[in-house]
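If you want the building blocks of each chain, they are given just below.
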Amino acid sequence: MFEALADRLQGIVRNLTGQARITPENIRESLREVRRALLEADVQVGVARDFVARVEARAVGEEVLKSLSAGQQVVSIVKDELEHLLGRTPVTLAGSPHVPTVVLLAGLQGSGKTTFAGKLAVWLKARTKRVLLASADIYRPAAVDQLERVAEQAGAGFWRAPEGVLPVEIARGALEQARTRGFDFLVFDTAGRLQIDEPMMAELVALKQAVRAHQVLLVVDGMTGQEAVRIGETFARQVGVDGLVLSKMDGDARGGAALSLRQVTGKPILFLGVGEKLDGLEAFDPSRLAGRILGMGDIVGLVEKARSAVNEQEAAQLAEKLRRSDFTLEDFLEQLLQVKKMGPLEDLMKMLPGIPKAALEQARPDNGRLKRHEAILLSMTRKERRAPRVIDGSRRRRIAAGSGTAVSDVNQLLRDFEQARTMMKRLKQGPRGLAGLRRGRG
Ligand code: GDP
Ligand code: MG
């Protein structure tokens, strides 16, 4: 999701944060690239233009330029504006004080309404709500059967109108069922068309009334591109929409729809569909998504994960050692063990801010190597780990034999250690050191 856009923007971010001096010209040049990246991701032209104008107005100010971390400040403005574009705060599906809460699903044919009905039922069920699913799609023979299967998978209630009943009557019947059978939510699926047309819109308006919808959710196929904006606008104007759902965001959707729709319709995005199965649903969180797009990392997630794995005292001690620069193999071993506790290295690295994608690929965890490293480190004496310089040829042979590895593996470990030590030194130097590191790698 958003991969191409994320790649482009992360390149721009690295460029900005790596520069020693930022001038209004560099900023304008970077922002021109940002605009191009947005357009390539199918963000609507007007939305992209306004976005860049807002960032520029804030970024070219004196305070930003005078500060030492100008590049980083510009990046944080971009992130802030991206969050603004996406809706700033997460919005969740509001239950109505009158039971049942009625949710009407609208959208073109194939946009993912029926699938989303099931996903929403699963999501609500996890929040201890009882959900009834019903459908007004009488035009395609298999549509109601599909919803019935989905309801069964979701463990939700299902109601089917008798043969020959028209959509508006189905809506009344479904509401009646949900009321008398004590459901908390009625999720009402509707028929789409391949294109927007008058009869569909008229039917939706009638259904909205008949079923007394509290929330009309528009389901839009995230792969639609530019067209999504027109669809969103039309539904919002003609039917009235309370929230948006973007489906198929697991595919190679370029993401522009998500970035434009919120702005153009003024309606919040509530969910992203990220898979065909019923668990493929994500509640939409603008701030996390903006961070992910800019490669700034899911710091919240990282901190949560690290906190649970690493004893805080150990972490503080390690930080202190780093500060004093006596990072030894002993610390390397400790790190290795902590990494093991934290789970897959790759997941963890993805959450770290500012790690270029190329470096991520390079660092794709080699679990075999990690295991060998551990064995080798454990075959060393404590003295060797504390003062790696003493490890000469004969010690290398002994360590290799003791750990069941080859001397070349021991050499590899010592090289990896040297690299880690260099990285630690750079980290201590702050952004400048890191920028050097990135250039060195990229
Ligand atoms: P409807 O016509 O609006 O009811 O759309 P459906 O729910 O029948 O979905 C149309 C197609 O899109 C089906 O093949 C679904 O499996 C697929 N689909 C729906 N949502 C998602 C999603 O989030 N990701 C992926 N990959 N496929 C989806
Ligand atoms: Mg359907």
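Residues numbered from 1 in each chain as written. Chains lettered and ligands numbered in written order. Predicted model: local features only at pLDDT ≥ 70, side-chain atom pairs only at ≥ 80, totals over all residues. Heavy atoms only, no water.

Just give me the short version of the pattern of salt bridges, but keep the residues and values in it.
The final tally for this structure, using the stated rule, is 21 salt bridges. Of the charged contacts in the structure, one is a salt bridge between Glu83 and Lys79, with a shortest N-O distance of 2.9 Å. With Glu83 and Lys79 both in helix α5 (residues 70-86), this residue pair falls four residues apart, about one helical turn. When its relative accessible area of 18% is taken as the criterion, Lys79 is described as buried. A salt bridge links Glu330 to Arg385; its shortest N-O distance comes to 2.6 Å. Of this pair, Glu330 sits in helix α15 (residues 329-342) while Arg385 sits in helix α19 (residues 382-386), and the two are 55 residues apart along the sequence. (Salt bridge = Lys/Arg side-chain N within 4 Å of Asp/Glu carboxyl O. Helix = DSSP H or I, 4+ residues; strand = E, 2+ residues; numbered from the N terminus. Buried < 20%, exposed > 50% of the residue type's maximum accessible area, 1.4 Å probe, protein only.)

Account for the site of ligand 1, naming residues and giving values.
Close to ligand 1 lie 17 residues; Gly110, Lys113, Thr114, Thr115 and Asp250 are nearest. Between Gln146 and ligand 1, the recorded distance is 3.0 Å, taken from a side-chain N or O atom to an oxygen atom. Within the contact set of ligand 1, an oxygen atom lies 3.5 Å away from a backbone nitrogen or oxygen of Val274. Relative to its unbound accessible area of 580 Å², ligand 1 is 80% covered by the protein chains. Broken down by element, the residue count for the shell around ligand 1 peaks at four residues, all from helix α6 (residues 113-125). Per-class residue counts for the shell around ligand 1 are two nonpolar, nine polar and six charged. (Near = heavy atom within 4 Å. Polar contact = N/O pair within 3.5 Å; in protein donor to acceptor, adjacent residues only side chain to side chain. Areas by Shrake-Rupley, 256 points an atom, 1.4 Å probe, with all protein chains shown as cover. Nonpolar A, V, L, I, M, F, W, Y, C, P; charged D, E, K, R; others polar.)

Lay out the environment of Arg395 with the relevant residues and their values.
For Arg395, the position within the fold is in helix α20 (residues 393-403). Considered as a pair, Arg395 and Met380 are 15 residues apart in the sequence and their alpha carbons are 8.7 Å apart. With residues up to four places along the chain from it excluded, the contact list for Arg395 reads Lys383, Glu384 and Val390. (Contact = heavy atoms within 4.5 Å.)

If you had to explain the side chain of Ser111 to someone new, which residues and values would you point to?
Checked against the element boundaries, Ser111 lands in the loop between β1 (101-106) and α6. In this structure the side chain of Ser111 is engaged in a polar contact, spanning 3.4 Å, whose partner is the backbone oxygen of Val219. Residue contacts for Ser111: discarding those within four places in its chain leaves Val219, Val220, Asp221, Ser247 and Lys248.

Residues and numbers for the pairing of strand β6 (residues 243-247), please.
Of all five residues in β6, five are buried; the element is thus mostly enclosed. Along β6, one buried face is formed by Gly243, Val245 and Ser247 and the opposite face, lined by Leu244 and Leu246, is buried too. Summarising the sheet, strand β5 (residues 215-221) and β6 pair through five bridges and their orientation is parallel. Considered in β6, the bridge of Leu218 is made with Leu244. Following the backbone out of β5, through helix α10 (residues 227-238) and into the adjacent parallel β6, one traces a crossover that is right-handed. Taken together, the three bridges between β6 and strand β7 (residues 269-273) define a ladder with parallel strand orientation. (Pairing = 2+ DSSP bridges. Right-handed = clockwise from strand over helix to strand, strands pointing away.)

Give a detailed account of the side chain of Arg385, specifying residues and quantitative values.
Under the relative-accessibility criterion, Arg385 is labelled buried at 10%. Ignoring any residue separated from it by four or fewer positions in sequence, one finds Arg385 in contact with Thr328, Leu329, Glu330, Leu333, Leu377, Leu378 and Met380.

Describe the environment of Glu148, and please don't skip the residues or the numbers.
Looking at the secondary structure, you find Glu148 in helix α7 (residues 143-154). Linking Glu148 and Ala134, residues 14 residues apart in sequence, is a C-alpha distance of 8.3 Å. When sequence neighbours within four positions are dropped, the list of residues in contact with Glu148 reads Phe158 and Arg160.

Describe helix α2 (residues 24-40), naming the residues involved and giving the relevant values.
Relative to the 24 Å expected for 17 residues at 1.5 Å per residue, α2 spans 24 Å between its end C-alpha atoms, a close match to the ideal helical length. Every buried residue of α2 is listed here: Ile27, Ser30, Leu31, Val34, Ala37 and Leu38. Looking straight down α2, one finds its buried side chains confined to an arc of 115 degrees; they lie on one side. One or two steps after α2, the chain reaches Asp42, where phi turns positive at roughly 75 degrees. (Expected span 1.5 Å × (residues − 1). Arc of directions from axis to C-beta.)

Which residues make up the sheet that holds β1, and what values go with them?
Spatially, the eight strands line up as an open sheet ordered β3-β2-β4-β1-β5-β6-β7-β8, and their pairing is mixed. Each edge of the sheet is formed by a strand with only one pairing partner; in this case those strands are β3 (157-159) and β8 (281-283). Mean inter-strand twist for the sheet, computed between neighbouring axes without regard to direction, equals 25 degrees. As paired elements, β1 and strand β4 (residues 185-189) share four bridges and run parallel to each other. Within β4, the position partnered with Leu104 by the bridge is Phe188. (Axes fitted to C-alpha atoms, helices over the stretch in contact; angles between N-to-C directions.)

Give me the lowdown on the nonpolar core, citing residues and values where you can.
Soluble globular proteins: nonpolar side chains tend toward being buried together. Judged by nonpolar contacts, the single largest core of 76 residues is most densely connected at Leu5, Phe51, Leu186, Phe188, Phe235 and Leu246. The biggest single contributor to this core is α5, with eight residues. Leu246 has contacts with Val220, Ala257, Ala258, Leu261, Ile269, Phe271, Leu272 and Gly273, leaving out every residue within four places of it along the chain. (Core = buried A, V, L, I, M, F, W, Y, C linked by side-chain atoms within 4.5 Å.)

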